Amino acid sequence: MRGACSPAIRSTTSRPRPDRGGSRDLSATVAHRDLSATVAHRDLSATVAHRDLSATVAHRDLSAAAAAGLALADPTAQPQSDTVINLLADAMAAPGSVLQRIRWGGESVTPIGSALLRAEQWQRAVARDLLARPGAQEIDEGLHTAWEAIWCWRAAPAELLPMVADRARDLVSAAPSSRRRRRLGQVDPLVGAVRLIADCGRASAAHADLLAAMLTGDPAEPWPQVAAPAVEGLARLGDGRCLPWLAAALVEQHGHVRHLDVRSTIPAMVAHAEALIPALQTFLGPSMRGGMKSVACMDALVSWGAAAAPLVPALLDRFATGYLSVALPLLGAIGPPAAEAVPQLRALLGDEHRGHEAAWALWRITGEPGRVPALLAEHLARFGGHAADDTAPLLEQLSPAAAIAVPVLREHFHDPKAGHLYDRVAIARALWAITGEPAGLIAPLLYAITARPLPNHGYRRPAPELRAIQALGMMGPVAAEAIAALELIAHGPARVTERDVWADERYQHAALHALAPVEA
């Protein structure tokens, strides 16, 4: 932060409620942990945490709760000693610990885990301790704690990922029977370690060789469990070593595509578009069952632009199967190379629901605006502000040529009854692109980016909050009041998303790019 005042941050989540079935010991232990968080009881916490109370399970848990209280009392401080870290790690690694009997929010958040979520240095130190220990319980808890630290703190991957990678290599060489877990739903720790690496954003690039080493055997045959997260991780990095596996999944061998997040694996693979096109043609062809995976694939291909041109015949085949709303944005993104679609697009101009999108796609392909601004404005006026999410971004691209739509855009933007339900970010972006007038537009953009956590993704397109950051950058110095909020996203130590490192990096990247013109 470079001297700016911190913006007010709005929480979009509520505190998890604990189970009501805890034991008397659990109640006392958690109560001591919460009591220990107060400044008045910090000395008591330190005394209890450092005493030798490990003779019994109850005493060990009481000491661990006191150690958690120390973390809560000053979350920004460094841990006082290795002793308190060992206490916390011991309790987390012990199957019989009363502190492990409760799970909040359905996400395996324990009393100790919830305390560590607020204390970066403590959480990372406990993760290091657990990852260095042998034993099944220790590995499971170490991976889980490392995952939570990496989800929460931007500095955590550089420190913890090498340790996770080392544990993954150890697990590869271990007998498969040693990785079995008895609890229902518990995953193979090797699969968990590989997924953790794959989900760590750009930091996973340093461990791409390890991910590639997980892809053994014939990709056209049933995959080992560890293959899917390895494929996803490599694809997100644009690493061509996953090509045979991703292609095999797209042509539906053994239903592997069901285990992949197609929306996130496709975009970065544009560098290998030529090699992947045949599999995509099969995947999008009329012989495939389609469904939401096809929708996700076409949405992801929008980022490819003209590189997706060989898929135009497959997209045109989709016109008769109810995929118009997905195929039209992709055809528009492809642009002039999609010229063979022009006759079918012209035939759609009279369609009540899709005519405006067909007109926009025609403009993108032919360069002739024609009646596109009028059709888009009519669509927005007819279907109301709820249509702004789809229509306003198209008007934004037309810029001043869409001046005819300004009155209806302003009407929905200032709607006193339902305006808060509409995508005001999309409307604000369109108004700025068309008029260049910032009056009244910055407030809703700033409001959008001060929520926490920010959404990981939007519906079929980038989240409005991400587009709000981009819009503030486009506005330049007139958006100076947003500098503090942008700096917090760009330079803050904590992630702004929930359990999604890649999404946090998208927000951080957007904020960094927005700050330069805004501060100019």
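Conventions we followed
Residues numbered from 1 in each chain as written. Predicted model: local features only at pLDDT ≥ 70, side-chain atom pairs only at ≥ 80, totals over all residues. Heavy atoms only, no water. Helix = DSSP H or I, 4+ residues; strand = E, 2+ residues; numbered from the N terminus. Buried < 20%, exposed > 50% of the residue type's maximum accessible area, 1.4 Å probe, protein only. Contact = heavy atoms within 4.5 Å. Areas by Shrake-Rupley, 256 points an atom, 1.4 Å probe, with all protein chains shown as cover. Core = buried A, V, L, I, M, F, W, Y, C linked by side-chain atoms within 4.5 Å. Salt bridge = Lys/Arg side-chain N within 4 Å of Asp/Glu carboxyl O. Expected span 1.5 Å × (residues − 1). Phe/Tyr/Trp six-rings, centres within 6.5 Å; stacked < 30°, edge-to-face > 60°. Polar contact = N/O pair within 3.5 Å; in protein donor to acceptor, adjacent residues only side chain to side chain.

Draft legend 1. The arrangement of the overall build of the protein chain in detail. The helix and strand tally for the protein chain stands at 27 helices and 2 strands. Across the 520 residues of the protein chain, 54% fall into the buried class. Intrachain contacts of the protein chain at a sequence separation of at least 6 include 71% that bridge at least 24 residues. Here the protein chain displays about 22900 Å² of accessible surface, and carbon together with sulfur accounts for 55% of that area.

Draft legend 2. Quick peek at the nonpolar core. If you look at the biggest cluster of nonpolar residues, it comprises 149 residues, and the most contacted ones within it are Trp-304, Leu-345, Leu-409 and Leu-486. If sequence neighbours within four positions are ignored, Leu-486 has contacts with Ile-449, Ile-469, Leu-472, Ala-511, Ala-514, Leu-515 and Val-518. The next biggest cluster of nonpolar side chains, apart from the first, holds 23 residues, and it includes Ile-85, Leu-99, Leu-116 and Val-126.

Draft legend 3. Quick look at the pattern of salt bridges. Per the stated rule, a full pass over the model turns up 24 salt bridges. Across the pair Arg-128 and Glu-159 runs a salt bridge whose closest N-O atoms are separated by 2.3 Å. Of this pair, Arg-128 sits in helix H6 (residues 120-131) while Glu-159 sits in helix H8 (residues 156-173), placing them 31 residues apart in sequence. With its nearest N and O atoms 3.1 Å apart, the salt bridge here joins Asp-166 to Arg-169.

Draft legend 4. Representation of helix H25 (residues 464-475) in the model. Its 12 residues place the ends of H25 16 Å apart at the C-alpha level, agreeing with the 16 Å of an ideal helix rising 1.5 Å per residue. Extensive coverage of H25 is indicated by the burial of 9 of its 12 residues. Among the residues making up H25, those that are buried are Glu-465, Leu-466, Arg-467, Ala-468, Ile-469, Ala-471, Leu-472, Gly-473 and Met-475. Looking at the packing, one finds that the buried side of H25 touches helix H21 (388-398), helix H23 (424-435), helix H24 (442-449), helix H26 (483-491) and helix H27 (501-519). Note on H25: the residue one or two positions beyond its end, Gly-476, has a positive phi of about 70°.

Draft legend 5. Structural view of the packing of aromatic side chains. If you walk through the whole model with that rule in mind, you get 2 aromatic pairs. Plain terms: the ring middles of Trp-147 and Trp-151 are 5.3 Å apart, the flat faces sit at 40° to each other, and that makes the pair tilted. Of this pair, Trp-147 and Trp-151 both sit in helix H7 (residues 136-152), 4 residues apart, roughly one helical turn. Accessibility assignment for this pair places Trp-147 and Trp-151 in one class, buried.

Draft legend 6. Broad picture of the side chain of Thr-497. Topologically, Thr-497 is positioned in the loop between H26 and H27. A residue is classified by how much of its surface remains accessible, and Thr-497, at 7% relative accessible area, is buried. A polar atom in the side chain of Thr-497 sits 2.9 Å from the backbone oxygen of Asp-500. Apart from residues lying up to four places away in sequence, Thr-497 is in contact with Pro-453, Leu-454, Pro-455, Asn-456, Ala-503, Asp-504 and Tyr-507.

Draft legend 7. A look at the environment of Leu-276. Relative to the assigned elements, Leu-276 resides in helix H14 (residues 273-284). Taking C-alpha positions, Leu-276 is 9.3 Å from Leu-250, a pair spaced 26 residues apart along the chain. Apart from residues lying up to four places away in sequence, Leu-276 is in contact with Leu-243, Leu-246, Ala-247, Leu-250, Met-269 and Trp-304.

Draft legend 8. Structural context of H24. Most of H24 is tucked away: 6 of the 8 residues are buried. Of all the positions in H24, only Ile-442, Pro-444, Leu-445, Leu-446, Ala-448 and Ile-449 are classed as buried. In this structure, the buried residues of H24 make contact with strand S1 (10-11), helix H22 (406-413), H23, strand S2 (451-452), H25 and H26.

Draft legend 9. Representation of the side chain of Arg-495 within the structure. Position of Arg-495 among the secondary structure elements: in the loop between H26 and H27. On the basis of relative accessibility, which here comes to 10%, the residue Arg-495 falls in the buried class. A polar contact is formed between the side chain of Arg-495 and the side chain of Asp-504, at a distance of 2.9 Å. When sequence neighbours within four positions are dropped, the list of residues in contact with Arg-495 reads Ile-150, Trp-151, Cys-152, Trp-153, Arg-154, Pro-157, Val-501 and Asp-504.

Draft legend 10. Representation of the environment of Arg-133. Tracing the backbone through its elements, the reader meets Arg-133 in the loop between H6 and H7. Sequence separation between Arg-133 and Ala-93 is 40 residues, and the spatial gap between their C-alpha atoms is 9.5 Å. For Arg-133, the residues in contact, after removing those within four places along its chain, are Asn-86, Ala-89, Asp-90, Ala-93, Glu-138, Ile-139 and Arg-167. Polar side-chain contacts of Arg-133 include one of 2.9 Å to the side chain of Asp-90. A polar contact is formed between the side chain of Arg-133 and the side chain of Asp-129, at a distance of 2.6 Å.

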